[in-house]
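Observations on the three-dimensional arrangement
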Amino acid sequence: MTPVPLPSSVHVFVRDWLSANHVLLKSRDGHVLVDTGYGAHAALTLALVAGPRGLAGEPLEKIVNTHGHSDHVGGNAALAARYGCPIAVPAAEAPNFDAWDQKTLLYDYADQHVDRFGVDERIDAGTTHRWGDLEWQALAAPGHDMGALVFFNPDHRVLISGDALWRRGFGFVMPRAMDERAMPATRATLDLIASLDARVVIPGHGEPFDDVGDALAFAYGRLASLETDDVRIARYAVKAIFGFSLLHRRRMREKDVADFVARVPFFGDVNDAVLRMGVDALAAMIVDELLRAQAVRREGDWIVTAAGEAG
Ligand SMILES: [Zn+2]
């Protein structure tokens, strides 16, 4: 695949489904990094950001996050310690960090770990920022995460989308029974993105892409399949969260999956609110559907993560 052309000050480090991509916006006025990956892989993040395609010996001026999920902010603490730079987060997300609200942020509550960091700046939706010698509009993008922002440069029509739009879909959304705002917000955010007429999208996961119309069509199709069906939303959410756990745990004994979903509060809450399955049936459903999607595979007694999207 030919890389899509980007402005020369925009450098994308494409990671995987455990660590979100990093976008380094370079300028003589100071380099800004958008999103920092998952904490367990912070050493690799530091190496990539410091390396020849990254800062190459220069300081980091600021860390910016699209939203608060563990795979986007996990390197914040380590990078801020290394470079002594401030961390700027979406204003709507800041109270969650200040309170270190592990439930809203889906950290321990969803079997995800983040090294705690402090918030230095709040980015309000509707503001414009000069990063990498380009103007970036911060736009509210609630849905997958109710406090999320996306960043849009109108001159080059480049969108940094976080998990609001991927080449195929978007980050999982909470069932209506748990947050009735989430699914309508997801549609509104797709409508906003469609109105931007972006030429290139730099997603939180996967390569930057320029077939934005196709991506939006796919996302609207997925949305339509989800928004009338809370059970489908809930199944998607539990598969996504379990798949993410398996990405950082690498493997789990199949017989331990039921205990795991019984122990991690996210699964119990989604199950109580929507699915209402026995825990063994819930575990079996998650494993069966991830096997069918080839997101995981069986190795003897183990369930092992496979490459690619988990969920
Ligand atoms: Zn996310």
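Note that this is a predicted model, so its numbers are computed, not measured.

Quick notes on the packing of aromatic side chains
This structure, assessed with the given rule, holds twelve aromatic pairs. Here W100 and F117 contribute two aromatic rings whose centre-to-centre distance is 5.4 Å and whose plane-to-plane angle is 90°, an arrangement assigned as edge-to-face. Linking W100 in the loop between α4 (94-98) and β6 (121-123) with F117 in the loop between α4 and β6, this pair joins segments that are 17 residues apart in sequence. According to the relative accessible area criterion, W100 is buried, its value standing at 10%. Through a chain of ring-to-ring contacts, three or more aromatic side chains come together here, namely Y109, F172, F242, F260, F266 and F267. When the ring centre of F13 is taken as origin, the NZ or CZ atom of R53, which lies over that ring, is 4.8 Å away.

What about the pairing of strand β2 (residues 22-25)?
Burial of the side chains of β2 extends over both faces: H22 and L24 are buried on one face and V23 and L25 on the other. For strand β1 (residues 10-13) and β2, the ladder comprises four bridges, and the chain directions are antiparallel. Opposite V12, over in β2, you have V23 as the bridge partner. The pairing of β2 with strand β3 (residues 31-34) spans three bridges and is antiparallel. Bridge pairing in β3 places L24 opposite L33. Where β2 hands over to β3, the hairpin turn is made up of five residues, of which G30 adopts a positive phi near 130°.

Points about the side chain of E93
Its location among the elements puts E93 in the loop between β5 (87-90) and α4. Lacking a salt bridge, the buried E93 has R181 as its closest oppositely charged neighbour, with an N-O distance of 9.2 Å. A polar contact is formed between the side chain of E93 and the backbone nitrogen of G68, at a distance of 2.7 Å. In contact with E93, other than residues within four places in its own chain, are H67, G68, L105, D145 and G147.

Side note on the pattern of salt bridges
Inspection of the entire model under this criterion finds 17 salt bridges. Put simply, E227 and R187 hold a salt bridge, and the shortest N to O gap is 2.6 Å. Linking E227 in helix α6 (residues 212-227) with R187 in helix α5 (residues 182-196), this pair joins segments that are 40 residues apart in sequence. Overall, E227 belongs to the buried group, its relative accessible area being 16%. Under the relative-accessibility criterion, R187 is labelled partly exposed at 30%. Here E289 ties to R235 by a salt bridge, and the two come within 2.4 Å at their closest N and O atoms. One end of the pair, E289, is in helix α10 (residues 279-292); the other, R235, is in helix α7 (residues 230-249), with 54 residues separating them in the sequence.

Things to note about the coordination of the zinc ion
On the protein side, the zinc ion has H67 (NE2), H69 (ND1), H144 (NE2) and D163 (OD) as donor atoms, found 2.1 to 2.3 Å from it. Considering all four donor atoms around the zinc ion, angles at the metal cover 85 to 172° and the coordination shape is irregular. Going along the chain, you hit the donors of the zinc ion in the pattern H-x1-H-x74-H-x18-D. Highlighted residues: H69 in the loop between β4 (60-64) and α2 (70-73) and D163 in the loop between β10 (158-162) and α5, separated in sequence by 94 residues. Of the residues examined, H69 reaches a relative accessible area of 6% and is grouped as buried. Judged by its relative accessible area of 5%, D163 falls in the buried class.

Regarding the pairing of β10
Of all five residues making up β10, five are buried, and the element is well covered by its neighbours. With burial as the criterion, each face of β10 is covered, one bearing V158, I160 and G162 and the other bearing L159 and S161. In this structure, strand β9 (residues 149-153) lies alongside β10, joined through three bridges in antiparallel fashion. Across the sheet, the residue bridging to N153 is V158, located in β10.

Rules of the game
Residues numbered from 1 in each chain as written. Predicted model: local features only at pLDDT ≥ 70, side-chain atom pairs only at ≥ 80, totals over all residues. Heavy atoms only, no water. Phe/Tyr/Trp six-rings, centres within 6.5 Å; stacked < 30°, edge-to-face > 60°. Helix = DSSP H or I, 4+ residues; strand = E, 2+ residues; numbered from the N terminus. Buried < 20%, exposed > 50% of the residue type's maximum accessible area, 1.4 Å probe, protein only. Lys NZ or Arg CZ within 6 Å of the ring centre and 35° of its normal. Pairing = 2+ DSSP bridges. Lys, Arg positive; Asp, Glu negative; His and termini not counted. Salt bridge = Lys/Arg side-chain N within 4 Å of Asp/Glu carboxyl O. Polar contact = N/O pair within 3.5 Å; in protein donor to acceptor, adjacent residues only side chain to side chain. Contact = heavy atoms within 4.5 Å. Donors = N, O, S within 2.8 Å, 3.2 Å for Na, K, Ca; no water. Tetrahedral: all angles 85-135°; square planar, octahedral: opposite > 155°, others 65-115°.

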